[in-house]
Amino acid sequence: MTAPRTVLLTGAAGGLGTLMRGLLPAYGYDLRLFDLVPVDGTPDAITADLNDREALREAVRGVDAVIHLAGISLESTFDRILRANIEGTYHLYEAAREEGVRRIVSASSNHAVGHTPRPLPGDPLIPVDTPHRPDTLYGLSKCFGEDLAQLYWDKHGVETVSVRIGSCFPEPTSVRMLSVWMSPGDGARLFHAALTAEAVGHTVVHGSSANTRLWWDLTSARALGYAPQDDSEPYAAKLIAEHGELDPDNPAHTRLGGHFVTDPPIWPH
Ligand code: NAI
Ligand code: 15L
């Protein structure tokens, strides 16, 4: 794969999109920005819905690759998830296929497998081929995104790296996040590796830093060339003092997806 230069960033106005807009240009990318809402300080960003097929097709025209972050990023009603994450992601893949874009880096989530028990000390880390166990309708939409990526690779030759992101924020804010945190700097390193690795087909990777308390296996991410530089451990003492250790009797503490596992469904569903 020739190193992509022009990259469409969907969800550019969101939390992760804002972090990546700041970090990815240093790797040499020329970002084209897309979001449902205007992107602060960037008048040439494309403001459109993923379900506006014409706007999306125009947005992908001529880009070398797409980083797909747009969508509902938390649990919501089925109708909203269906529209943004399922139909919207389908439209993105169709636009990429029609315009000959060969590589998508797609934001999947730990919530696609959120019901997976966290490993106890001495257990093997959660492997990347662990079965889908969504913890929410949101997580289910990420399972769809991963399967859609597989279909578009097998049938149409569109490559995808599906990044099951843990928690990508400037700092970890819970004891669970000590295990799944991805620093913004490592996020940019992982997206860069996913954009530039050769022959990825459809590859699923876990997205986190090299945390001392890591719960999942980073082998497939490292195989792309990802070399994480950060570790959440410096935040551990303060977070444990504030929140206490993880409770072995609370599923929100013992399953990968945290409170998404135990939160009640959102009405209407
Ligand atoms: P966010 O909610 O801050 O940003 C999502 C962006 O997508 C928003 O700017 C929103 O306007 C846009 N969007 C929503 N529906 C759209 C539509 N129909 N058409 C066009 N744009 C639309 O979420 P965040 O945290 O930036 O996450 C980005 C992606 O990464 C999401 O797909 C999320 O599910 C995924 N992710 C994020 C994690 C994190 O730690 N931040 C963890 C796991 C997954
Ligand atoms: C996600 O998938 C969400 O988009 C993000 O806001 C966080 O809640 C993250 O997972 C997490 O599990 O911490």
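Structure: see above.
The rules behind the values
Residues numbered from 1 in each chain as written. Chains lettered and ligands numbered in written order. Predicted model: local features only at pLDDT ≥ 70, side-chain atom pairs only at ≥ 80, totals over all residues. Heavy atoms only, no water. Phe/Tyr/Trp six-rings, centres within 6.5 Å; stacked < 30°, edge-to-face > 60°. Helix = DSSP H or I, 4+ residues; strand = E, 2+ residues; numbered from the N terminus. Buried < 20%, exposed > 50% of the residue type's maximum accessible area, 1.4 Å probe, protein only. Polar contact = N/O pair within 3.5 Å; in protein donor to acceptor, adjacent residues only side chain to side chain. Arc of directions from axis to C-beta. Contact = heavy atoms within 4.5 Å.

Participant: Quick rundown of the packing of aromatic side chains? Include the residues and the values.
Facilitator: A complete count under the given rule lists 3 aromatic pairs for this structure. Both rings, one in Y138 and one in F260, keep their centres 6.2 Å apart while their planes meet at 45°; by these two values the pair is tilted. In this pair, Y138 sits in helix 4 (residues 137-156) while F260 sits in the segment after helix 9 (251-254), placing the two residues 122 residues apart along the sequence. Take F260: its relative accessible area is 11%, and that puts it in the buried class. Ring centres of W181 and Y235 lie 5.5 Å apart, and the angle between their planes is 70°; this geometry places the pair in the edge-to-face category.

Participant: So, the side chain of H91: which residues are in play, and what are the values?
Facilitator: Mapped onto the fold, H91 is located in helix 3 (residues 78-99). Polar side-chain contacts of H91 include one of 3.0 Å to the side chain of N51.

Participant: Go over helix 8 (residues 236-243) with me, naming the residues and quoting the values.
Facilitator: Within the span of helix 8, buried status applies to A236, L239 and I240. What you see down the axis of helix 8 is that its buried residues fit within an arc of 95°, all on one side. Away from the buried face of helix 8 by more than 90 degrees, exposed residues A237, K238 and A241 are located. Where the residues of helix 8 are buried, they touch helix 5 (177-180). Backbone geometry just downstream of helix 8 places G244 in the positive-phi region, at approximately 85°.

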